[in-house]
Amino acid sequence: MAKVLVACEYSGRVRDAFINQGHVAMSCDLFPTDQRGPHYQGDVRDILDNDWDLMIAHPPCTYLAISGSRWWKDRKQEQEEALAFVQLLMDAPIKHIAIENPVSCISTRIRKPDQYIQPWQFGHGETKKTGLWLKNLPTLTPSNIVEGREEKVHKMAPSPDRWKKRSTTYKGIAEAMATQWGNYVNNK
């Protein structure tokens, strides 16, 4: 049974996938959790030293994602702060770490991801290329390749909660993380 921190997650989806596999897991975000469950509402820096076996972090991509690159010239300070936060998460005193983010400047400013994944590899007929930067973890093996390659997230209509919908981890990916990485950490 691994002790898992899911950083920058308000939805509880990854946290709950680990709990369903028998692990002790807690999400952490500046926002309250959408689902009942163990959640620390606050700055993840406050709890990084709490003897976690595994951290899966979803740092905000607002100033990192290539999709927003046309605004970077006006947001240099915010981007530097976002990159410093990613580096802090990568350097956390936790043996096993996964950083998840869309295609972003992390690749050129810090390092390339260890893997890119797509929702259609994990049971969802959609595209959303996502990078995984890993420390002491194997790459994820696709668990349910399905037909369909629709860009639902990219085509989402503007709305007050669009950012939340776009940033929620797909259930199949969360379950693959819990099953594959949870078992890996348990056996190390």
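Structure: see above.
Predicted, not measured: the structure shown is a model, and the values here were computed from it.

Conventions we followed
Residue numbers here run from 1 along each chain, matching the order of that chain's written sequence. Since the coordinates come from a predicted model, pLDDT governs what is reported: local features require at least 70, and pairs of side-chain atoms require 80 or more to be given and counted, while whole-chain, interface and lining totals use all residues. Excluding hydrogens and water, the side-chain figures rest on all heavy atoms present in the structure. We count a stretch as a helix when DSSP gives it H or I for four or more residues in a row; a strand needs E for two or more, and each element gets its number in order from the N terminus. Expected span of a helix, by definition, is 1.5 Å for each gap between consecutive residues, and there is one gap fewer than residues. When accessible area is computed with a 1.4 Å probe and restricted to protein chains, residues below 20% of their type maximum are described as buried, those above 50% as exposed, and intermediate ones as partly exposed. Between two residues, a contact is recorded if the distance between any of their heavy atoms is within 4.5 Å. Think of it this way: DSSP has to see at least two bridges between two strands before they count as a pair. To get an axis, fit a line to the C-alpha atoms, keeping to the stretch in contact for a helix; angles then go from 0 to 180 degrees between the N-to-C directions. Here a polar contact is recorded for every N or O atom pair within 3.5 Å, except that within protein the pair must consist of a potential hydrogen donor and a potential acceptor, and residues adjacent in sequence are included only if both atoms are side-chain atoms.

Student: Can you break down helix H5 (residues 171-186) residue by residue, with the values?
Tutor: In an α-helix, one turn spans 3.6 residues; hence positions three or four apart end up facing the same way. For H5, spanning 16 residues, the distance from its first C-alpha to its last is 22 Å, which sits close to the expected 22 Å at 1.5 Å a residue. Within the sequence span of H5, burial applies to Gly172, Ile173, Ala174, Ala176, Met177, Ala178, Trp181, Gly182 and Val185. Those residues of H5 that are buried lie in contact with helix H1 (13-20), strand E4 (54-57), strand E5 (96-102), strand E6 (115-117) and strand E7 (130-135).

Student: Now, about the pairing of E5: what can you tell me, with residues and values included?
Tutor: Buried residues dominate E5, accounting for seven of its seven residues. Residues His96, Ala98, Glu100 and Pro102 of E5 are buried on one face, and the alternating residues Ile97, Ile99 and Asn101, pointing to the opposite face, are buried as well. Both E4 and E5 contribute to a ladder of four bridges, which runs parallel. Residue pairing for E5: Ala57 is matched across the bridge by Ile99. Two strands pair when backbone bridges link them, and E5 and E7 are joined in this way by six bridges, in the antiparallel orientation. Across the sheet, residue Ala98 finds its bridge partner in E7, namely Leu134.

Student: So what about the side chain of Gln118? Which residues, and what values?
Tutor: Relative to the helices and strands, Gln118 resides in the loop between E6 and E7. The contact partners of Gln118, leaving out residues within four places of it in the chain, are Glu126, Thr127, Lys128 and Lys129.

Student: Let's hear about the sheet that holds E5: which residues, and what values?
Tutor: Spatially, E3-E2-E1-E4-E5-E7-E6 is the arrangement adopted by the seven strands of the open sheet, whose pairing is mixed. Of all strands in the sheet, those bounded by a partner on one side alone are strand E3 (39-41) and E6. Across the sheet, the mean angle from the axis of one strand to that of its neighbour is 20°, orientation sign disregarded. Two elements, strand E2 (residues 24-29) and E3, share three bridges in a ladder whose sense is parallel. The partner of Ser27 across the bridge, within E3, is His39. Each of E4, E5 and E7 touches helix H2 (residues 76-90); the most contacted strand, E5, lies at about 155° to it. Contacting E4, E5, E6 and E7, H5 crosses the sheet at an angle of about 155° to E4.

Student: Requested: an account of the side chain of His58, with residues and values cited.
Tutor: Mapped onto the elements, His58 comes out in the loop between E4 and H2. Side-chain polar atoms of His58 contact the side chain of Glu100, separated by 2.8 Å. Apart from residues lying up to four places away in sequence, His58 is in contact with Val6, Ala7, Cys8, Glu9, Val14, Glu100 and Thr169.

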